[in-house]
Amino acid sequence: MLIMDECTLIAHALRDFLRSQVASDELLPLDISMNAGEPYSALSSGLGIAQRLSVSIPPLFIERILALPGWNDFDREVLAEQIGSLPSWFRIAS
C-alpha cells in the first residue's frame, strides 16, 4: 500500500473541490503540477485559479494549506496575498 503525504492529499482535495466550481480546462495548470508530482505547486496554482475566478475556498482548506511545513517565507507571502483576495466563504444554511 502506498502512503500519500498530507500536501498531496490536500492538493487532490482542492482539485476535486475546484472541479465542482470551474470548467475543467481552467484546472490545467493544477493538473500539470499534480501529474509532475509537485503538490506544493499544485496548491499554489489552485489558489491562483480560485483568486482569478473569484471562487471562495472553505476555511479548512486554507488552514491545512497554511499549516504545511514545506512553504518558505516568500511562498507564505504569496499565499497570504492569494488568500486575502479570495471571496469570503459563507456556510450554506440547511
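Residues numbered from 1 in each chain as written. Predicted model: local features only at pLDDT ≥ 70, side-chain atom pairs only at ≥ 80, totals over all residues. Heavy atoms only, no water.

Taking 1.5 Å of rise per residue, 15 residues should cover 21 Å, and helix 3 (residues 39–53) covers 21 Å from first to last C-alpha, within 8% of that figure. Buried residues of helix 3: Pro39, Ala42, Leu43, Ser45, Gly46, Leu47, Ile49 and Ala50, and no others. Contacts made by the buried residues of helix 3 are with helix 1 (6–19), helix 2 (28–35), helix 4 (59–67) and helix 5 (73–84). Looking one or two residues past helix 3, Ser54 carries a phi angle of roughly 55°, positive in sign. (Helix = DSSP H or I, 4+ residues; strand = E, 2+ residues; numbered from the N terminus. Expected span 1.5 Å × (residues − 1). Buried < 20%, exposed > 50% of the residue type's maximum accessible area, 1.4 Å probe, protein only. Contact = heavy atoms within 4.5 Å.)

Once that is clear, we can look at the packing of helix 3 against helix 5. Packing of helix 3 against helix 5 leaves a shortest axis separation of 9 Å and a crossing angle of 30°. Here helix 3 is positioned roughly parallel relative to helix 5, judged by the angle of their axes. Here the hand of the crossing between helix 3 and helix 5 comes out left-handed. Touching Ser44, Leu47, Gly48 and Gln51 of helix 3 are Leu79, Glu81, Gln82 and Ile83, all from helix 5. Residues of the contact of helix 3 with helix 5, tallied by class, amount to three nonpolar, four polar and one charged. (Axes fitted to C-alpha atoms, helices over the stretch in contact; angles between N-to-C directions. Parallel < 35°, antiparallel > 145°, perpendicular 65-115°, else oblique. Left-handed = near helix turned anticlockwise from the far one by under 90°. Nonpolar A, V, L, I, M, F, W, Y, C, P; charged D, E, K, R; others polar.)

Shape descriptors only; they carry no functional weight alone.
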